[in-house]
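So the chains spell out like this:
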Amino acid sequence: MTLGNDPQMVREQYADESRLTTRSSVWRPTVDGRTPQDVAAVAIAAARPTHLLEVGCGTGAFAERLIAENPTCSIVATDQSARFVELTAARGVHAQVADIMDLPFPDASFDVVVAMWMLYHVPDLDRGVAEVRRVLRPGGTFVAVTNGDDHLAELLIEAGGQPLVTQFSTENGAAALSRHFDDVHQTDLATRAVFPDHASACAYLATFDESLAANLPPFEGDREYAGATSVFVAR
Ligand SMILES: C[S@@+](CC[C@H](N)C(=O)[O-])C[C@H]1O[C@@H](n2cnc3c(N)ncnc32)[C@H](O)[C@@H]1O
């Protein structure tokens, strides 16, 4: 099993926060101190948003940050998981359940839309990006973050798996966005996953594939593995 865009698998994966929280905890910035969230937040602030939509908001941490950094902007966070909407609302963020493929907003409602690590899960990617384009006003900005084919590839191969190739990645994301946006800019970041011990690496793998966790050869001490993440800014 891999973490792709099968609707039932995606719903099970995010029925609660346990798996996402385990995965998020291992990520560290690039060696020069940049994070994908920082790069995305700078692009968002540069667009001077007044009405912003986040799709696939997860636990709401990034929406909460955006409220603090853009205090005059009205922000709506959405996710298809009711549990994640509940967690996001508990942070004081206006949040509601919504599927990116069928957004419950009129045309041209927002000047910025944000999608952090979620487009690889959407059953019909073109339909999801078309919905983003529809709810964005003309000239609005879409910021999307995703991972590349090399993301944690070394760890996956050591555990007997394969690199995770998705429908929206460092390699193919610009082409997917170019079908709906005239101008697409991409920033690639060499992120790093740090595991304090073998058990923590197994716990990470088990969040999406128990058999990979069972197959990871033992190691002593901590380990660092390379990530590959991209931030797209489309207009
Ligand atoms: C990898 S998590 C990322 C969460 C958050 N953006 C973050 O960066 O931590 C993917 C999120 O997208 C949501 N999601 C998946 N498919 C979706 C869809 N079709 N419409 C809306 N949300 C979706 C999941 O419920 C989950 O919260």
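Just so it is clear, the model here is predicted, and its values are computed rather than measured. Counting restarts for each chain: residues are numbered from 1 in the order of the written sequence. In view of the model being predicted, local features appear only for residues whose pLDDT reaches at least 70, and side-chain atom pairs are presented and counted only at 80 or more, with totals across whole chains, interfaces and linings using the full set of residues. Heavy atoms throughout the structure, all of them, feed into the side-chain values; hydrogens and water do not.

Draft legend 1. Here's a closer look at unusual backbone geometry. A positive phi angle is found at Ala108, which is not glycine, with a value near 55 degrees. Along the polypeptide, Ala108 turns up in the loop between strand S4 (94-97) and strand S5 (110-116). Partly exposed residues are those whose accessible area sits between 20% and 50% of the maximum for their type, while under 20% is buried and over 50% is exposed, using a 1.4 Å probe and protein chains only. The exposure class of Ala108 is partly exposed, given its relative accessible area of 40%. The backbone of Leu152 shows a phi angle near 55 degrees, a positive value even though the residue is not glycine. Taking relative accessible area as the criterion, Leu152 reaches 4% and is therefore assigned buried. Each helix corresponds to a stretch of at least 4 residues labelled H or I by DSSP, and each strand to a stretch of at least 2 residues labelled E; elements are numbered beginning at the N terminus.

Draft legend 2. Structural detail: the sheet that holds S4. With respect to topology, seven strands assemble into an open sheet ordered S4-S3-S2-S5-S6-S10-S7, the strand pairing being mixed. Of all the strands in the sheet, the pair left with one neighbour each is S4 and strand S7 (184-189). In this sheet, adjacent strand axes meet at a mean angle of 15 degrees when their direction is disregarded. Pairing of strand S3 (residues 74-79) with S4 involves four bridges; the strand directions are parallel. Paired strands are those between which DSSP finds at least two bridges. To get an axis, fit a line to the C-alpha atoms, keeping to the stretch in contact for a helix; angles then go from 0 to 180 degrees between the N-to-C directions.

Draft legend 3. Inspection of the side chain of Thr78 at higher detail. Turning to its location among the elements, Thr78 is positioned in strand S3. Throughout, a residue-residue contact means that at least one pair of heavy atoms, one from each residue, lies within 4.5 Å. Non-local contacts of Thr78, meaning those with residues more than four positions away in its chain, are made with Leu53, Glu54, Val55, Gly56, Cys57, Gln96, Ala98 and Phe105.

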